[in-house]
Amino acid sequence: MANYETITIEKRGAVAVLTINRPDKLNALSSSVHAEGVAALDELRADKEVRVLVITGSGEKSFIAGADIGEFADRTPVTQRQKFYERSLFNSIDSFPKPVIAMVNGFCLGGGNELAMACDVRICSPNAKFSQPEINLGIMPGGGGTQRLTRLIGEGRSMEMMLTGDMIDAETAHKFGLVNHVYNADELETKTMEMANKIAEKAPIALALCKEAVKFASRSNLDEGLRREVDLFAICFSTEDKTEGVSAFLEKRKPVFKGK
Ligand code: COA
C-alpha cells in the first residue's frame, strides 16, 4: 500500500481497516481525505487478499464530523460540482465490490453520515451522534444524504433531520434503521471485526453480486430488480465457489471459497 497522510490502512488477515486520521479536526473530510481515500480504495479493490473493508475514524470522539468546513470558504459552484462529479470518496465506496462496514465511534455528521450511508452496514458505539447539519451552514447535503438517508429511514424522519439539522443519538439511529447494531465502546471493534471476519469467509464473487443486487433494489422498480437478481444469481452458477459451496454442504464440511 502507498503511504497516506490523512488516512491509515491496516490489513488484519482478509479484513482491511481504513481509518480517517485527522483527530485534531474530528476527522473532517478534506479534499486530501477524499483523494487519498479514493486511491486507497483502488488499491484495496485490486488486492485479492482483502475481502472486507471496515471504515472508521481515529480517536474516541468522532467518526467523521462532516466535510472540512474550512475548505468551503473559497469554493465556487464549478469546483464543488467537479469534486462530487469526479471520483468522490462516497462514489468509490458505493461502487466498491467488497463488503464495507462503517464502524462509527462518535460524531457522524454531514459528509460523515453520508459516507457511513455509502457503506453496506453501520455499527456504532452508544456515544455516536448522527446528523445532517448542513442547513445550519446555509447549504444542504450534497454527498448523497438527501437520497440515501431518505431510502434508509423514510421521508418524514429524513426531512426532520435535514430541515432541523438536529443530532440523533445512537439508540434513535438504531430505532430508525440508520445503524444495524449499537455496541458498548469497549466491544465495538471486537464485534465489528467478528462480523467482518464472518463475511470475509463467504464467496467473494457471490458477495459482490449480492451487493450489486441489493443496491439495485433502491435504484430500480420491482420488475427490473427481480430480473437483475435472476441474472446475477445465474452468474453465481459459473463460479468454482458455487461448486465448492454445494459440495461442502453435501459432504458436511466447511467450504473454502477462493473467489473464483
Ligand atoms: N470541518 C473542519 N473542522 C472541523 C469540523 C469540520 N466539519 N468539525 C470540527 N472541526 C474542528 C474544529 O474547528 C476544531 O478545530 P480547532 O481546534 O482548530 O479550532 C476541532 O475540530 C475540534 O472541534 P470543536 O468544535 O472544538 O469540538 P466540540 O467538541 O466543541 O464540538 C462538534 C464538536 C462536532 C459539535 C463541532 O465541531 C461541530 O459542530 N462541527 C461541525 C459539524 C458540521 O457542521 N459538519 C457538517 C459540515 S457540512
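Look above for the structure.
Below is a short write-up of the structure. (Residues numbered from 1 in each chain as written. Predicted model: local features only at pLDDT ≥ 70, side-chain atom pairs only at ≥ 80, totals over all residues. Heavy atoms only, no water.)

Considering the site of the ligand
Thinking step 1. The ligand sits among 15 residues. The nearest are Lys-25, Lys-61, Ala-65, Ala-67 and Ile-69.
Thinking step 2. Lys-25 places a side-chain nitrogen or oxygen 2.7 Å from an oxygen atom of the ligand.
Thinking step 3. The backbone of Ala-67 places a nitrogen or oxygen atom 2.8 Å from a nitrogen atom of the ligand.
Thinking step 4. Protein contact buries 59% of the 860 Å² of open area that the ligand shows by itself. (Near = heavy atom within 4 Å. Polar contact = N/O pair within 3.5 Å; in protein donor to acceptor, adjacent residues only side chain to side chain. Areas by Shrake-Rupley, 256 points an atom, 1.4 Å probe, with all protein chains shown as cover.)

Remarks on the packing of aromatic side chains
Geometry of an aromatic ring pair is reported as the spacing of the ring centres plus the angle between the planes.
Thinking step 1. If you walk through the whole model with that rule in mind, you get 2 aromatic pairs.
Thinking step 2. Ring geometry for Phe-233 and Phe-237: centres 5.1 Å apart, planes at 80°, overall edge-to-face.
Thinking step 3. Note on Phe-237: relative accessible area 48%, which makes it partly exposed.
Thinking step 4. Positioned above the aromatic ring of Phe-216 is the side chain of Arg-228, whose terminal nitrogen or guanidinium carbon lies 3.8 Å from the ring centre. (Phe/Tyr/Trp six-rings, centres within 6.5 Å; stacked < 30°, edge-to-face > 60°. Buried < 20%, exposed > 50% of the residue type's maximum accessible area, 1.4 Å probe, protein only. Lys NZ or Arg CZ within 6 Å of the ring centre and 35° of its normal.)

A few points about the sheet that holds strand β9 (residues 168-169)
Thinking step 1. On the basis of which strands lie adjacent, the open sheet formed by 4 strands has the order β4-β6-β8-β9 and mixed pairing. Only two strands of the sheet have a single partner each, and these edge strands are β4 (62-64) and β9.
Thinking step 2. Note: strand β6 (residues 107-109) against strand β8 (residues 129-131), 3 bridges, orientation parallel. Residue Cys-108 lies in a different strand from β8, and its bridge partner there is Phe-130.
Thinking step 3. Of the strands in this sheet, β4, β6 and β8 touch helix α4 (residues 111-118), which is tilted by about 90° from β6. (Pairing = 2+ DSSP bridges. Helix = DSSP H or I, 4+ residues; strand = E, 2+ residues; numbered from the N terminus. Contact = heavy atoms within 4.5 Å. Axes fitted to C-alpha atoms, helices over the stretch in contact; angles between N-to-C directions.)

Any link to function would need more than the numbers given here.
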